[in-house]
Amino acid sequence: MKLFLDTADLDQIREACRWGIIDGATTNPSLVFKTGREPRELYAEICRIVPGPVSLECIALDSAGIVAEARQLAEIADNVVVKVPIIREGLIAVKQLAALGIKTNVTVVHSPLQALLAAKCGATYVSPFVGRLDSVGQVGMEMIHQIRTIFDNYDFATEILVASARHPLHVLESALAGADVCTAPMEVMEQLYQHPMTDVVLKQFLADWAKVPAKG
Ligand code: G3P
């Protein structure tokens, strides 16, 4: 399973890329707002740093506007994937963008049927928001299992990009469910490699090593 970093923060992106575990990045308008940066310049920098696809979100809500915006975003770099919301106009735009060879990530998905429509329109990725569903009392991961089944039943090439991951269990369950990608914020990425037993054992090993006589 690929791991994308869900942020627009350049320091976080540089650090996570240094670890070598990041396959791509996803941004959204709220994440860009947090940086206080001018979007186009910021997007170009993110695309230069990340060694894989970078999702940049459209703001327009009509199909013509989405296509026009997507064309501009796609010019920023070769690794741009345009995020399009799962609305009727978004689906119309995704079909046109697929024909133009522009990669899309259909976002703000909260049901398997929305994902099915996105796949039928030729979306490159579909982004189901698991954490947001959990927060309204529905089981977000159940949606991922259902989308996996639908996509496998009909051989859709659209990749399932689990979004709105709030904790390591979301990443683990995404991998077990056969998701293609999971995008997560930096805090979750850090929790993926940390384990209290690792710290205990490592501390013990180093303490014992310090007592070994006559080392080289
Ligand atoms: O980038 C899209 C998605 O991951 C947003 O997640 O944390 O705002 O629900 P969140």
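Above this text sits the structure in question.
Participant: Teacher, can you tell me more about the nonpolar core here?
Facilitator: Soluble globular proteins tend to pack their nonpolar side chains together in the buried interior. I46, L73, I76, V80, V82, I144 and F151 are the most contacted members of the largest nonpolar core, which has 62 residues in total. For this core, the element with the most residues is helix α8 (residues 140-153), which contributes six residues. The next biggest cluster of nonpolar side chains, apart from the first, holds five residues, and it includes F4, V81, Y125 and V181.

Participant: Would you mind going over unusual backbone geometry with me for this structure?
Facilitator: Keep in mind that most residues, glycine aside, have a negative phi and that most peptide bonds are trans. In the Ramachandran plot, V108 falls in the positive-phi region, its phi being about 60° despite a non-glycine side chain. Checked against the element boundaries, V108 lands in strand β5 (residues 104-109). On the basis of relative accessibility, which here comes to 35%, the residue V108 falls in the partly exposed class. At D155, a position not held by glycine, the phi torsion is positive, near 55°. By the element assignment, D155 lies in the loop between α8 and β7 (159-162).

Participant: Can you help me understand the packing of helix α1 (residues 10-19) against helix α3 (residues 39-49) in this one?
Facilitator: The description of two packed helices rests on the angle between their axes and on the distance between the axes. In the contact formed by α1 and α3, the axes pass within 10 Å of each other and the chain directions differ by 5°. Between α1 and α3, the crossing angle belongs to the class labelled roughly parallel. Touching L10, I13, R14 and C17 of α1 are L42, E45, I46 and I49, all from α3. A per-class count over the contact of α1 with α3 returns six nonpolar, no polar and two charged.

Participant: Help me out: how do you make sense of the side chain of N28 in this one?
Facilitator: Of note, N28 is situated in the loop between β2 (24-26) and α2 (29-35). Here the side chain of N28 touches S30 through a polar contact of 3.0 Å, landing on its backbone nitrogen. A polar atom in the side chain of N28 sits 2.8 Å from the backbone nitrogen of L31.

Participant: Which parts of the structure should I look at to understand the packing of helix α4 (residues 63-74) against helix α5 (residues 88-100)?
Facilitator: Where α4 contacts α5, the two axes come as close as 8 Å, and the packing angle between them is 40°. One finds that α4 runs oblique with respect to α5. In the packing of α4 onto α5, the handedness of the crossing is right-handed. Here S63, I66, V67, A70 and R71 of α4 come into contact with α5, specifically with E89, G90, I92, A93, Q96, L97 and L100. When its residues are assigned to classes, the contact of α4 with α5 shows seven nonpolar, three polar and two charged.

Participant: Mind showing me how you'd approach the site of the ligand here?
Facilitator: Near the ligand, the surroundings consist of D6, N28, K83, F129, R132, A163, S164 and R166. Interatomic distance of 2.7 Å between a side-chain N/O atom of R132 and an oxygen atom of the ligand. With respect to the ligand, the side chain of R166 contributes an N or O atom lying 2.6 Å from an oxygen atom. If the ligand stood free it would expose 310 Å²; the protein chains cover 85% of that surface. Class assignment for the residues of the shell around the ligand results in two nonpolar, two polar and four charged.

Participant: Please clarify how the pairing of strand β4 (residues 80-85) should be interpreted in this entry.
Facilitator: Regular strands place their side chains on alternate faces of the sheet. Most of β4 is tucked away: six of the six residues are buried. Residues V80, V82 and V84 point to one face of β4 and V81, K83 and P85 to the other, with burial holding for every one of them. For the crossover that starts at strand β3 (residues 54-57), traverses α4 and ends in the parallel β4, the hand is right-handed. Pairing of β4 with β5 involves four bridges; the strand directions are parallel. Within β5, the residue paired with K83 across the bridge is N105.

Reading the values: rules and limits
Residues numbered from 1 in each chain as written. Predicted model: local features only at pLDDT ≥ 70, side-chain atom pairs only at ≥ 80, totals over all residues. Heavy atoms only, no water. Core = buried A, V, L, I, M, F, W, Y, C linked by side-chain atoms within 4.5 Å. Buried < 20%, exposed > 50% of the residue type's maximum accessible area, 1.4 Å probe, protein only. Helix = DSSP H or I, 4+ residues; strand = E, 2+ residues; numbered from the N terminus. Axes fitted to C-alpha atoms, helices over the stretch in contact; angles between N-to-C directions. Parallel < 35°, antiparallel > 145°, perpendicular 65-115°, else oblique. Contact = heavy atoms within 4.5 Å. Nonpolar A, V, L, I, M, F, W, Y, C, P; charged D, E, K, R; others polar. Polar contact = N/O pair within 3.5 Å; in protein donor to acceptor, adjacent residues only side chain to side chain. Left-handed = near helix turned anticlockwise from the far one by under 90°. Near = heavy atom within 4 Å. Areas by Shrake-Rupley, 256 points an atom, 1.4 Å probe, with all protein chains shown as cover. Right-handed = clockwise from strand over helix to strand, strands pointing away. Pairing = 2+ DSSP bridges.

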